[in-house]
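Commentary on secondary and tertiary structure
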Amino acid sequence: MNNRPRLTVIGTGYLGATHAICMAVMGFEVVGVDVDPGKVAKLNSGEVPFFEPGLPELLTKALETGRLRFTADFADAGAFGDVHFICVGTPQQRDSPAADLTYVDAAVTSLARHLTRRALVVGKSTVPVGTAARLAELIRSIAPAGDQVELAWNPEFLREGFAVDDTMKPDRMVFGVTSAWAEEQLRSAFQPVLAQGVPVKVTDLQTAELVKVAANSFLATKISYINAMAEICEVTGADVHDLAEALAYDERIGGKFLRPGLGFGGGCLPKDIRAFTHRAEELGVGQAVGFLREIDGINRRRRARTVDLVVELCGGDVAGKKVAALGAAFKPNSDDIRDAPALDVAATLAGMGAQVVVYDPAAMDNAKKQYPQLGYGESALATAQDADVVVLLTEWTEFREIDPDTMGAVTAQRRIVDGRHALDAARWRGAGWEYRALGRP
Ligand code: UGA
């Protein structure tokens, strides 16, 4: 245990907090750093500031070992750590498709000032290709230890909702390095993970940066592909649900990320494909990923089309109609509402004059803050009370398990739009519901 490097994790959001907690549980001494003193205090007192299944229990466990603490002090982190992970966000810029690197630059700068001995800085954030090379220069110019500080890139592939499993036992690890020493440091820092036989791909910095955006672009493309097929199904009377199942039997295609519906949202896929397109254009190879604009376009159309279905079910006008919106988070098992398709649809309907009431098992607080114009219910059933139409927007298990008769007893009309293909159409229709789903007759 003694030859294990001491770790710091800069940025304690979904990615960083999970990484810090899991590494401490796996036996490392870890200091988590965040510029938000509120977050630091919460984490130190054993409270995870966001919803992630399994993480609160692990935080308690990690704090009990005495190996984990959180601070807002970069000097503390610089003095403590041998390997420093950068886990801050890279959201989309307000007025451009490009990634906003303010937080990455600030984190690296604040840390580098306090690096007075040999250390490895490891980027985990999703960044435009070429960022790592720039940051390596920046660190060298700022750090008192100069050339003694190296930079590596270790993209993170964790999914919200499965963050603990994805961190403890990832499908693969990518180590973007420029020296054998950096690779050795990373191997030590991930020894318990690698001991489980997790494959490692060692690359240069730019390949490591690209793996991440290439993976997310591929996933987005797969989702939009099946949703494009849904558009064709809609005008031909074919059933995209059956189509997807039939495609999935081909092992070369596979069924994962081939679920049709309202499409992708969240803090990653949408902004990553936009930033990638923008970066490729800067590099003069925009044509190579020009199709990602179409992927984005297909994805946006799903939201508009879901709104259309609700309007159609209401007889062509939603003004004054009561719409029960089930779901706010961008996907189940998360309280994350960044670019959430559910809230986009709910807000659009409200903008058309509908009286929209939203319910989500985890994302209510976040939704209320960002969408104060919407109504909010106490439960799925309470939300559906007197509804003219119910629209399922996030496929939480508790929504899948709703009994159509129980819900039908409280609504004004038995009309439902299944935005996520989460319900058994025959069962709902059998209970007298007018059931509509994108790409299904
Ligand atoms: C995604 C990637 O899956 C992770 O590998 C990556 O690490 C992460 O982004 C990131 O860049 O940090 P995440 O955003 O947590 O993870 O969510 P996903 O599970 O990928 O789902 C993204 C969206 O696609 C959700 O809105 C989901 O509802 C939608 N989706 C997913 C579909 O519409 N259809 C599908 O078949 C699958």
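It should be noted that the structure appears before, not after, this text.
A tally of helices and strands in the protein chain yields 19 helices and 14 strands. In terms of overall dimensions, the protein chain is globule-like: its C-alpha atoms have a radius of gyration of 23 Å, near the 22 Å expected for 441 residues. The principal-axis extent of the C-alpha atoms belonging to the protein chain is close to 70 × 50 × 40 Å. For the protein chain, the residues scored as buried account for 56% of the 441 residues in total. In the protein chain, 73% of the contacts between residues at least 6 apart in sequence involve partners at least 24 apart.

Once that is clear, we can look at the nonpolar core. The nonpolar side chains of soluble globular proteins are, as a tendency, buried together. In terms of nonpolar packing, the biggest core is built from 56 residues, with Leu349, Val356, Val390 and Met407 touching the most fellow members. With six residues, the top contributor of residues to this core is helix 14 (residues 341-351). Those residues in contact with leucine 349 that lie beyond four places of it in its chain are Val307, Val310, Val311, Val318, Val323, Ala354 and Val356. Grouped together as the second largest cluster of nonpolar side chains are 45 residues, Val40, Val83, Met173 and Ala189 included.

Lining the immediate environment of the ligand, one finds 21 residues, of which Phe157, Leu158, Glu160, Asn216 and Arg259 sit closest. One of the backbone nitrogen or oxygen atoms of arginine 259 is found 2.9 Å away from an oxygen atom of the ligand. Here the ligand loses 92% of its free accessible area of 710 Å² to cover by the protein chains. Listed by contribution, the elements that provide at least two residues to the shell around the ligand are helix 10 (205-236) and helix 12 (269-282). Per-element tally for the shell around the ligand: the top contributor is helix 10, with four residues.

Counted by the stated rule, this structure contains one cavity of 30 Å³ or more. Its volume calculated, the largest cavity comes out at about 80 Å³. What lines the largest cavity is a set of 13 residues, and nearest its centre among them are Val127, Pro128, Val213, Ala275 and Phe276. Secondary-structure elements contributing two or more residues to the lining of the largest cavity are helix 10 and helix 12. Looking at the lining of the largest cavity element by element, the count peaks at five residues for helix 12. Taken together, the residues of the lining of the largest cavity sort by class into eight nonpolar, two polar and three charged.

Let us now look at the environment of serine 45. Counting through the fold element by element, serine 45 comes out in the loop between helix 2 (37-44) and helix 3 (55-65). Between the alpha carbons of serine 45 and leucine 59 there is a distance of 9.5 Å; along the sequence they are 14 residues apart. At a separation of 2.9 Å, a polar atom in the side chain of serine 45 contacts the main-chain carbonyl oxygen of lysine 42.

With that settled, consider the sheet that holds strand 13 (residues 415-418). Strand order in this open sheet of six strands is 11-10-9-12-13-14, and the pairing throughout is parallel. This sheet does not close on itself; its edge strands, each paired only once, are strand 11 (375-376) and strand 14 (434-436). Strand direction decides the pairing type here: strand 10 (residues 355-359) and strand 11, joined by two bridges, are parallel. When the bridges of strand 11 are listed, valine 357 appears paired with glycine 375. Across the sheet, helix 13 (residues 291-313) lies against strand 9 (322-326), strand 12 (389-392), strand 13 and strand 14, angled at about 170° from strand 13, the strand it touches most. Contacts from helix 14 reach strand 9 and strand 10, with the element oriented near 160° to strand 10.

Attention shifts here to the layout of surface pockets. In this structure, the second largest pocket spans a volume of roughly 190 Å³. Every residue lining the second largest pocket is listed: His241, Ala244, Glu245, Ala248, Gly255, Leu258, Arg259, Pro260, Arg400, Arg420, His421 and Ala422. Top element by residues in the lining of the second largest pocket is helix 11 (residues 240-248). It accounts for four residues. Residues belonging to the lining of the second largest pocket are distributed by class as follows: five nonpolar, three polar and four charged.

Here asparagine 227 is to be found in helix 10. Residue classification places asparagine 227 among the buried residues on the basis of a relative accessible area of 0%. Leaving out residues up to four positions away in the same chain, asparagine 227 has contacts with Pro260, Gly261, Gly263, Ile298 and Arg302.

Glancing now at the pattern of salt bridges. Tallying each qualifying case throughout the model produces 33 salt bridges. The closest approach of N and O atoms between glutamate 150 and arginine 118, which form a salt bridge, is 3.6 Å. Taken together, the residues glutamate 150 in strand 6 (residues 149-153) and arginine 118 in the loop between helix 5 (102-112) and strand 5 (119-123) connect sequence positions 32 residues apart. Accessibility expressed as a relative area gives 13% for glutamate 150, which makes it buried.

Turning next to helix 12. Its 14 residues place the ends of helix 12 20 Å apart at the C-alpha level, agreeing with the 20 Å of an ideal helix rising 1.5 Å per residue. Across the 14 residues that make up helix 12, a large majority, ten, are buried. Residues of helix 12 that are buried: Leu269, Pro270, Lys271, Asp272, Ile273, Arg274, Ala275, Phe276, Thr277 and Ala280. Glycine 284 lies just past helix 12 and shows a positive phi near 80°.

Basis of the calculations
- Residues numbered from 1 in each chain as written.
- Predicted model: local features only at pLDDT ≥ 70, side-chain atom pairs only at ≥ 80, totals over all residues.
- Heavy atoms only, no water.
- Helix = DSSP H or I, 4+ residues; strand = E, 2+ residues; numbered from the N terminus.
- Rg over C-alpha atoms; globule rule 2.2 N^0.38 Å.
- Buried < 20%, exposed > 50% of the residue type's maximum accessible area, 1.4 Å probe, protein only.
- Contact = heavy atoms within 4.5 Å.
- Core = buried A, V, L, I, M, F, W, Y, C linked by side-chain atoms within 4.5 Å.
- Near = heavy atom within 4 Å.
- Polar contact = N/O pair within 3.5 Å; in protein donor to acceptor, adjacent residues only side chain to side chain.
- Areas by Shrake-Rupley, 256 points an atom, 1.4 Å probe, with all protein chains shown as cover.
- 1 Å grid on protein atoms, 1.4 Å probe; cavity = no way out; pocket = protein on both sides within 12 Å on 5 of 7 lines; lining within 4 Å.
- Points joined across faces, edges and corners; volume = space filled by probe spheres on them.
- Nonpolar A, V, L, I, M, F, W, Y, C, P; charged D, E, K, R; others polar.
- Pairing = 2+ DSSP bridges.
- Axes fitted to C-alpha atoms, helices over the stretch in contact; angles between N-to-C directions.
- Salt bridge = Lys/Arg side-chain N within 4 Å of Asp/Glu carboxyl O.
- Expected span 1.5 Å × (residues − 1).

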